[in-house]
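# Examination of the molecular architecture
Each chain is listed here by its residues.
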Amino acid sequence: MIKKIISIKKINLKDDRFRISLCNELTLLKFSIQKFGLLKPPILTRRNNKFIIISGWRKVLACQELGIEKIPAFLWNERDDLKILLFKIHEYLTMKKELNFLEKAQIISKLYHFGMEKREIIQNYLPLLKISPSNYDFETYLSLSELSPSIKRAILKGNITFQGARALTKFSLSEQEFLLPIIIPMSSNYQKEFLINVYEILKKEGITLDELFSRRDLKEIIESRNFSQLEKIEKIIDKVRSIRYPSYTAFKKFFELWVKEIKFPKGVNILHDQFFEEEKLSLKIKFKNDKELRDILEKLEKICNSEKFKEYFKRKDEI
Amino acid sequence: MKKFVIQKNSRNILKEKMKYKYIPDRVFIDSEVLYHPITVRITNNLRKTPYEIVKNVKSFIKEFNFNYKNGKKYLLITKQKGKFIKPCPGTPHYLCCNYYIINLTLNCPLDCTYCILQYYLNNPFMIIYANIEDLFRELDSFLSPNKFYRIGTGELTDSLVFDHFTEFSKDLISYFANKNNTVFELKTKTTNIENLTKINPNGKTVVAWSLNSDRIAKNEEINAPSNIERIKTAKKIISYGYKVGFHFDPIIFYPDWEKDYFKIVYNIFENINAEYIAWISLGTLRFPPRLKDIIQNRFPKTKIVYDEFIIGLDGKFRYFKTLRLKIYKKFANWIRELSNGKVFIYLCMESKEIWEKILGWNPKGKRELGDKLCKIMLAK
Ligand code: SF4
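Residues numbered from 1 in each chain as written. Chains lettered and ligands numbered in written order. Predicted model: local features only at pLDDT ≥ 70, side-chain atom pairs only at ≥ 80, totals over all residues. Heavy atoms only, no water.

As a further point, take the pairing of strand β3 (residues 74-78) of chain B. All names here are of chain B. Taken across its 5 residues, β3 has 5 buried, putting it largely inside the fold. Side chains Y74, L76 and T78 of β3 all project onto a buried face; the interleaved residues L75 and I77 project onto the opposite face, where all are buried too. Note that strand β1 (residues 26-30) and β3 share 4 bridges and pair parallel. Each residue of the ladder has a partner; that of F28, found in β3, is L76. Here β3 runs beside strand β8 (residues 126-129); their pairing, made up of 4 bridges, is parallel. Within β8, the residue paired with I77 across the bridge is I128. (Buried < 20%, exposed > 50% of the residue type's maximum accessible area, 1.4 Å probe, protein only. Helix = DSSP H or I, 4+ residues; strand = E, 2+ residues; numbered from the N terminus. Pairing = 2+ DSSP bridges.)

In this complex, chain A contributes 23 residues to the contact, which on the side of chain B involves 29 residues. Both faces considered, chain A and chain B share a buried interface measuring about 2500 Å² in area, 53% of it formed by carbon and sulfur atoms. The tally of links between chain A and chain B comes to 4 salt bridges. In this structure, R324 of chain B and E277 of chain A form a salt bridge, with 2.6 Å as the shortest nitrogen-oxygen distance. (Contact = heavy atoms within 4.5 Å. Buried area = accessible area lost by both parts, 1.4 Å probe. Salt bridge = Lys/Arg side-chain N within 4 Å of Asp/Glu carboxyl O.)

Take the confidence of the model for chain B next. Averaged over every residue, the pLDDT of chain B is 91; the share at 70 or more is 94%. Note on the complex model: pTM 0.85, ipTM 0.83. (pLDDT = per-residue confidence, 0-100.)

Another point: the side chain of E277 of chain A. Position of E277 of chain A relative to the elements: it lies in the loop between β5 (268-271) and β6 (282-285). At 2.8 Å, the side chain of E277 of chain A and the side chain of Y94 of chain B are in polar contact. Leave out the neighbours within four places in its chain, and E277 of chain A touches Y94, I310, G312, L313, R318, K321, R324 and E353 of chain B. (Polar contact = N/O pair within 3.5 Å; in protein donor to acceptor, adjacent residues only side chain to side chain.)

On domain assignment, one finds that chain A holds domain 1 (1-79), domain 2 (170-244) and domain 3 (255-318). Here the C-alpha centroids of domain 1 of chain A and domain 3 of chain A sit 68 Å apart. (Domains from an automatic or database assignment.)

All names here are of chain A. Following both chains from N to C, one finds helix α14 (residues 246-262) and helix α16 (residues 307-317) inclined at 165°, their axes separated by 9 Å at the closest point. As summarised for this structure, α14 and α16 are arranged roughly antiparallel, according to the angle between their axes. For α14 against α16, the interelement crossing comes out left-handed. Here α14 contributes A250, F251, F254, F255, W258, E261 and I262 to the contact with α16, which in turn contributes K308, F309, E311, Y312, F313, R315 and K316. (Axes fitted to C-alpha atoms, helices over the stretch in contact; angles between N-to-C directions. Parallel < 35°, antiparallel > 145°, perpendicular 65-115°, else oblique. Left-handed = near helix turned anticlockwise from the far one by under 90°.)

Our next topic: the sheet that holds strand β10 (residues 182-188) of chain B. Backbone-to-backbone hydrogen bonds join strands into a sheet, with any given pair of strands oriented parallel or antiparallel. All names here are of chain B. With mixed pairing, 8 strands are arranged side by side in an open sheet as β4-β5-β9-β10-β11-β13-β14-β18. Each edge of the open sheet carries a strand with a single partner, namely β4 (85-87) and β18 (345-347). On average, each strand axis in the sheet is tilted by 25° relative to the strand beside it, whichever way the strands run. Pairing analysis gives 6 bridges linking strand β11 (residues 205-211) to strand β13 (residues 243-251), with the strands arranged parallel. Looking across to β13, one finds that L211 is bridged to F248. With respect to the sheet, helix α11 (residues 257-271) is in contact with β11, β13 and β14 (277-284), its orientation differing from that of β13 by roughly 175°. Along the sheet, helix α13 (residues 321-339) makes contact with β13, β14 and β18, crossing β14 at roughly 165°.

What follows deals with the site of the ligand. Near the ligand the following residues occur: C108, L110, D111, C112, Y114, C115, L117, T157 and K189 of chain B. Residue classes in the shell around the ligand are distributed as 6 nonpolar, 1 polar and 2 charged. (Near = heavy atom within 4 Å. Nonpolar A, V, L, I, M, F, W, Y, C, P; charged D, E, K, R; others polar.)

Another aspect to go through is the packing of helix α12 (residues 216-223) of chain A against helix α13 (residues 229-244) of chain A. To describe two helices that pack against each other, one gives the angle between their axes and the distance between the axes. All names here are of chain A. Remark: α12 packs on α13, axes separated minimally by 9 Å, with the N-to-C direction vectors making an angle of 175°. By the angle between their directions, the pair α12 and α13 is classed as roughly antiparallel. Along the contact surface, α12 presents D217, L218, I221, I222 and E223, while α13 presents K232, K235, I236, K239, V240 and I243. Considered class by class, the residues forming the contact of α12 with α13 number 6 nonpolar, no polar and 5 charged.

Further remarks concern the packing of aromatic side chains. One pass over the structure, following the stated rule, counts 54 aromatic pairs over all chains. Between F309 of chain A and F313 of chain A, the ring centres sit 5.4 Å apart and the planes meet at 55°, which makes this aromatic pair tilted. Of this pair, F309 of chain A and F313 of chain A both sit in helix α16, separated by 4 residues, roughly a single helical turn. Their ring planes at 55° and their centres at 5.1 Å tell us that F331 of chain B and W334 of chain B sit as a pair that is tilted. In this pair, F331 of chain B and W334 of chain B are both assigned in helix α13, 3 residues apart and thus about one turn of the helix distant. Using a relative accessible area of 0% as the deciding quantity, one classes F331 of chain B as buried. Judged by relative accessible area, W334 of chain B falls into the buried class, the value being 11%. The ring centre of F317 of chain B lies 5.2 Å from the NZ or CZ of K292 of chain B, which sits over that ring. (Phe/Tyr/Trp six-rings, centres within 6.5 Å; stacked < 30°, edge-to-face > 60°. Lys NZ or Arg CZ within 6 Å of the ring centre and 35° of its normal.)

If you want it as structure tokens, here you go:
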């Protein structure tokens, strides 16, 4: 490798074949370059009469933004793309802090598209990237690398988690763009659940995303002026859940209403397993002394004799 | 070891072959069983299929980078080094019927979208264990004269799908024909009963067919014969002294399920006298979460995983309880009415609550159900 002074104009910034990190945050780096100069020059190689970047993307971009026209760079005269990529990956693995999942996805996708056998990637590279060496994980990361650019930006900003991103890979690029503003305000748990529910409704009913969100009930929520943004999101999540799981959500709502209407005494909680799969309900009573317990038990006895109380058991047995 | 190029249209070729009988593209023979009489029998029956000898089966399987689908074209004859007999794994919180499984063959060339083997097996080959004499030794010491047993081969394979070249049915049916406390069950979706017609089961073998609605059989049970072919085959086998069973498992919910499934239940009783039916079991679709991903990847067109599933107490997906109850109730009523209550119904992997609500009783522990099924069959 030889060190040279290169004009930034001669670098083809559109060719990102060796780029792994998609981070474009340059503020600190620019500050450091202004103060100390470019201490570790980027590494470049030549393709089609232009230079392309092997490593040091952010450095080159920062210099460009600072109006620096010429920079020092190492030139590596190597024609084999895969060899360069492997060098770069090993450099990453030895030097960099923990890779984020998008960087891992980029590495896997590049190895694959540069011609490495899938089997070799799974056996040799997934473990290096701390991913379990399975076909399933290989495919997952490959599809993460194909997410739309705006989704990738949202991931880098921390707005979408791994689980959410994985759920998004099932959608086309235009569907991803459509869903992005809806899922960004959601907490990470809900992103995944919501996306899976949406995807499965589309699959089951054979409809498009547009058609789903043009349903009257969903449209009314989206267009309503009576809810705050957060309330809207909550209602959308609920609505989609009830479209996906109609019997379960109806039963759950019935249960919640039943508990509310019965008005159990203070300190009493009536509990069910998550999906009402168990036959029995359970009762939790908190009390501070014998008198309080007696009071509660008396009230509970009255409740047990009420028609309202029996409603739940009737409904449960209805087929 | 040679590597094989997979023909592009191999899936279609496999389909064509399956319409008749499964013939592998190539047979691999573990050198340990090269001269075993079962190997000789199989290679004689598959005279036109090329074969290759394998020295180290473990590393051969590891090196052979075939996926689940392609593996269906390759048959491996090897030796069972572990136990042949295992209790059916069951699942916590749901009742099991105390069934024992014989693993003499593994995997299946049919390709049902919902098949658990896609998730369960760790290699894609169709495997035949040649050392059947070890199985009989194991059975001799396993079966006690004081207990009842229900034992079958159709859990990790289809019991008859390889039978035209293994002829295992003949060996097994003859063995069990002399056991007074054991019911042997062959579970299948095929019409491959030729060998069964050549031997007398002495009332100890039930041949059971898994049935589904026509729509599910056509779209989700790839390469399998139609329901009516299965029912007609069941009718035929009765005349050779066998009792038959039917398993509606997995029952799959979709908008027209009721009409479609009723037709099949009706077809059964239209063709077969209830006296000859040992049992009908019912089980709605259930699957471990990881199988969902496999199904989605392998069969992107199927919709079966998108219905209203919840996570059951055993961690598997199953339909929400009210839906299961509705389905079972219908089936139980149809069967009771059409058979005048003469056919024993049981539920596969269901809770006591559902047993009670649908069948009006629930077995106290798995022995009770297993014993009951044996006694019913042996008394028929
Ligand atoms: S017949 Fe049974 S074993 Fe064979 S693919 Fe279908 S479900 Fe699986």
